[in-house]
Amino acid sequence: MTDPSGPAKVECRQIAELLADYLEGSLPQSVKELIDWHIEACGPCVAFVNTYRGTVNAATKLRDVEIPSELKQRLLNVLRSSRSSAR
Ligand SMILES: [Zn+2]
């Protein structure tokens, strides 16, 4: 991918770096379009986006799960004690 007029104008590495923001929709429209355009012409990036989407979905599902308050309290205690012992 060395053709400067092709999708390589945006490097796959850059796509990977911007992907989180891209999927969140927090990128400027111009950048978003550039990524859209790159992905359309770049198989590896399509696969990457799909994988990433799957990861995000899994993470979202995980976040929806309520942590039992007892467990949360225990976690907080562990965090507090580890923080104070770190001093
Ligand atoms: Zn790519």
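Here, every reference points to the structure presented above.
Given the structure is predicted, the values throughout are model-derived calculations rather than measurements.

A.B. asks: I'm lost on the overall build of the protein chain in this one. Help?
C.D. replies: Each helix and strand counted, the protein chain has 4 helices and 0 strands in total. When its helices and strands are written in sequence order, the protein chain yields α-α-α-α. Contacts in the protein chain between residues far apart in sequence, at least 24 positions, make up 58% of those at least 6 positions apart.

A.B. asks: Looking at this model, I keep getting lost on the nonpolar core. Mind explaining?
C.D. replies: The nonpolar side chains of soluble globular proteins are, as a tendency, buried together. Counting residues in hydrophobic clusters, the biggest one holds 6 residues: Ile15, Leu19, Ile35, Ile39, Cys42 and Cys45. Mapped onto this core, the elements with two or more residues apiece are α1 (12–24) and α2 (29–40). Here Ile35 is in contact with Val10, Ile15, Leu18 and Tyr22, once residues within four sequence places are set aside.

A.B. asks: Is there a simple way to explain the packing of α1 against α2 in this structure?
C.D. replies: Each pair of packed helices can be summarised by the angle the axes make with each other and by the distance between the axes. Look at α1 against α2: their axes get within 11 Å of each other, and the N-to-C directions meet at 120 degrees. When the axis of α1 is compared with that of α2, the two are oblique. Note on packing geometry: the crossing formed by α1 with α2 is left-handed. Residues Ile15, Leu18 and Tyr22 of α1 form the contact with α2, whose participating residues are Val31, Lys32, Ile35, His38 and Ile39.

Definitions and limits used
Residues numbered from 1 in each chain as written. Predicted model: local features only at pLDDT ≥ 70, side-chain atom pairs only at ≥ 80, totals over all residues. Helix = DSSP H or I, 4+ residues; strand = E, 2+ residues; numbered from the N terminus. Contact = placed C-beta atoms within 7 Å. Core = buried A, V, L, I, M, F, W, Y, C linked by C-beta atoms within 7 Å. Buried ≥ 20, exposed ≤ 12 C-beta atoms within 10 Å, placed from the backbone. Axes fitted to C-alpha atoms, helices over the stretch in contact; angles between N-to-C directions. Parallel < 35°, antiparallel > 145°, perpendicular 65-115°, else oblique. Left-handed = near helix turned anticlockwise from the far one by under 90°.

All we've got here are geometric facts, nothing functional implied.
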